[in-house]
Amino acid sequence: MTIALTPLISLIAGILILIMPKLLNYIVAAYLILVGAVGLFGSAGINLSL
């Protein structure tokens, strides 16, 4: 079973925003940086297997 990275990050970010709304700016910034880096450099075959 493999888990896609983007939906997992989105889920964690959503939960954190519900718990602590002041973290919204930091969570959005980190998410955008991560998605941008993956988009530029590719996922390089990263697979999270469970």
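None of the values given here were measured: they were computed from a predicted structure. (Residues numbered from 1 in each chain as written. Predicted model: local features only at pLDDT ≥ 70, side-chain atom pairs only at ≥ 80, totals over all residues. Heavy atoms only, no water.)

1. A closer look at the overall build of the protein chain
Each helix and strand counted, the protein chain has two helices and two strands in total. Mapped from its N terminus to its C terminus, the protein chain presents α and β elements in the order β-α-α-β. With 50 residues in all, the protein chain has 4% of them scored as buried. About 4,200 Å² of surface is accessible on the protein chain, with carbon and sulfur atoms providing 76% of the total. (Helix = DSSP H or I, 4+ residues; strand = E, 2+ residues; numbered from the N terminus. Buried < 20%, exposed > 50% of the residue type's maximum accessible area, 1.4 Å probe, protein only. Areas by Shrake-Rupley, 256 points an atom, 1.4 Å probe, with all protein chains shown as cover.)

2. A short note on the packing of helix 1 (residues 5-19) against helix 2 (residues 24-41)
Interhelical geometry of helix 1 versus helix 2 gives an angle of 170° and a closest axis separation of 10 Å. By the angle class used here, helix 1 and helix 2 are roughly antiparallel. Residues T6, I9, S10, A13, L16 and I17 of helix 1 form the contact with helix 2, whose participating residues are L24, I27, Y31 and L34. By residue class, the composition of the contact of helix 1 with helix 2 is eight nonpolar, two polar and no charged. (Axes fitted to C-alpha atoms, helices over the stretch in contact; angles between N-to-C directions. Parallel < 35°, antiparallel > 145°, perpendicular 65-115°, else oblique. Contact = heavy atoms within 4.5 Å. Nonpolar A, V, L, I, M, F, W, Y, C, P; charged D, E, K, R; others polar.)

3. Comments concerning helix 2
Here helix 2 is 18 residues long and its end C-alpha atoms lie 26 Å apart, about the 26 Å a rise of 1.5 Å per residue gives. Looking at the residues trailing helix 2, positive phi occurs at G42, about 80°. (Expected span 1.5 Å × (residues − 1).)

4. Structural notes on the environment of A30
Considering the arrangement of structural elements, one finds A30 in helix 2. Separated by 17 residues in the primary sequence, A30 and A13 place their C-alpha atoms 9.6 Å from one another.

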